[in-house]
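Residue-level listing of the chains:
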Amino acid sequence: MALASVVHADQDERPPGLEQAIRNPSIPMIVDATITKFTKEGYGTIKINKVYKASKVVLPKQVKGYSSGGTNPRIVPLKIITDRGKTRFLFFLKADLLYSTYNNRFEIRQDKEKQLVVDTGAGWKPLKEMVALIPATKPKKK
């Protein structure tokens with residue numbers, strides 16, 4: 001019985017995965033983008049492969065990283081938070097900054113069947129299934 005409690009406690013410690021984060025209606029922009037290079041500041045120059053969600057904003061050509069928040073916020077550069085060799089991600093963005101979630105970038109790759117899959121934090125799933133979870137934006141009433 002004690003072992004079950006330990007396993008359950010470990011599961012509770014785990015941050016939410018892509019399925020929960022992608023359903024957040026307050027995320028302004030979700031894009032599939034490839035990092036083409038990094039600037040000397042560590043910001044990522046990107047090529048947007050597909051836009052899944054965007055409000056009336058200009059699509060960024062660069063992702064700086066994320067803001068540390070607080071009274072003296074600083075930008076944590078994208079180069080620091082991406083693993084070497086990984087270049088294609090599903091990014092959650094607010095303008096040219098990563099939207100603040102526990103994980104605001106999820107790696108995308110092609111699987112053996114040549115379909116795009118995304119790392120959900122709990123394994124790889126087809127990208128098309130995950131983006132189907134993005135809440136539809138409601139049309140504005142006139």
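Residues numbered from 1 in each chain as written. Predicted model: local features only at pLDDT ≥ 70, side-chain atom pairs only at ≥ 80, totals over all residues. Heavy atoms only, no water.

Student: Go over the overall build of the protein with me, naming the residues and quoting the values.
Tutor: In terms of regular secondary structure, the protein is built from four helices and ten strands. Burial statistics for the protein: of 142 residues in total, 33% are counted as buried. For the protein, the proportion of contacts with a sequence separation of at least 24, taken over those separated by at least 6, is 48%. With the model as given, the accessible surface of the protein reaches about 9,500 Å², and the carbon-plus-sulfur share is 53%. (Helix = DSSP H or I, 4+ residues; strand = E, 2+ residues; numbered from the N terminus. Buried < 20%, exposed > 50% of the residue type's maximum accessible area, 1.4 Å probe, protein only. Contact = heavy atoms within 4.5 Å. Areas by Shrake-Rupley, 256 points an atom, 1.4 Å probe, with all protein chains shown as cover.)

Student: Lay out the confidence of the model for the protein in plain terms, naming residues and giving numbers.
Tutor: Detailed reading of the predicted coordinates is not advisable wherever pLDDT falls low. Put simply, the protein has an average pLDDT of 84, and 82% of its residues get 70 or more. Across residues 1–13, confidence stays below pLDDT 50; counting only partners more than four residues off in sequence or on other chains, it has zero contacts. (pLDDT = per-residue confidence, 0-100.)

Student: Now, about the pairing of strand β6 (residues 88–94): what can you tell me, with residues and values included?
Tutor: The element β6 is extensively covered by neighbouring structure, given that five of its seven residues are classed as buried. Pairing between strand β1 (residues 29–38) and β6: six bridges, direction antiparallel. Bridge pairing in β6 places Met 29 opposite Leu 93. As judged from the three bridges shared by β6 and strand β8 (residues 105–110), these two strands associate in the antiparallel manner. In the sheet register, Phe 89 faces β8, and the bridge partner there is Glu 107. (Pairing = 2+ DSSP bridges.)

Student: Could you give an account of the nonpolar core, naming the residues involved and the relevant values?
Tutor: Within the largest apolar cluster, 15 residues are counted, with the highest numbers of intra-cluster contacts made by Leu 18, Ile 22, Ile 30, Leu 90, Phe 92 and Val 118. Membership of the second largest hydrophobic core comes to 13 residues, among which are Ile 35, Val 63, Ile 81 and Phe 91. (Core = buried A, V, L, I, M, F, W, Y, C linked by side-chain atoms within 4.5 Å.)

Student: Can you lay out the packing of aromatic side chains for me, pointing to particular residues and giving the numbers?
Tutor: Counted under the stated rule, the structure contains two aromatic pairs. Taking the centre distance of 5.4 Å and the plane angle of 35 degrees together, the rings of Phe 89 and Phe 91 count as tilted. For the pair Phe 89 and Phe 91, a shared accessibility class is recorded, and that class is buried. With a centroid separation of 5.5 Å and 50 degrees between ring planes, the pair formed by Phe 92 and Phe 106 is classed as tilted. Residue Phe 92 is located in strand β6, and its partner Phe 106 is located in strand β8; the two are separated by 14 residues in the primary sequence. (Phe/Tyr/Trp six-rings, centres within 6.5 Å; stacked < 30°, edge-to-face > 60°.)

Student: Can you break down the pairing of β8 residue by residue, with the values?
Tutor: Examined bridge by bridge, β8 and strand β9 (residues 116–119) share three bridges and lie antiparallel to one another. Directly across from Arg 109, in β9, lies its bridge partner Val 117. Turn length for the β8-β9 hairpin, with the two strands adjacent in sequence and antiparallel, is five residues, and the turn residue Lys 114 shows positive phi of about 70 degrees.

Student: Kindly report on the environment of Gly 69, identifying the contributing residues and their values.
Tutor: As for its position among the elements, Gly 69 is in the loop between β4 (65–67) and β5 (75–77). Judged by its relative accessible area of 30%, Gly 69 is partly exposed. Each C-alpha atom, one on Gly 69 and one on Ser 100, is 9.5 Å from the other, the two residues being 31 residues apart in sequence.

Student: Please set out the pattern of salt bridges residue by residue, giving values where relevant.
Tutor: Counted under the stated rule, the structure contains five salt bridges. As a salt-bridge pair, Glu 19 and Lys 125 come within 2.9 Å of each other at their nearest N and O atoms. In this pair, Glu 19 sits in helix α2 (residues 18–21) while Lys 125 sits in strand β10 (residues 124–126), placing the two residues 106 residues apart along the sequence. A salt bridge links Asp 32 to Arg 88, with the shortest nitrogen-to-oxygen separation between them at 2.6 Å. Placement of Asp 32 in strand β1 and of Arg 88 in strand β6 is noted, with a sequence separation of 56 residues between them. (Salt bridge = Lys/Arg side-chain N within 4 Å of Asp/Glu carboxyl O.)

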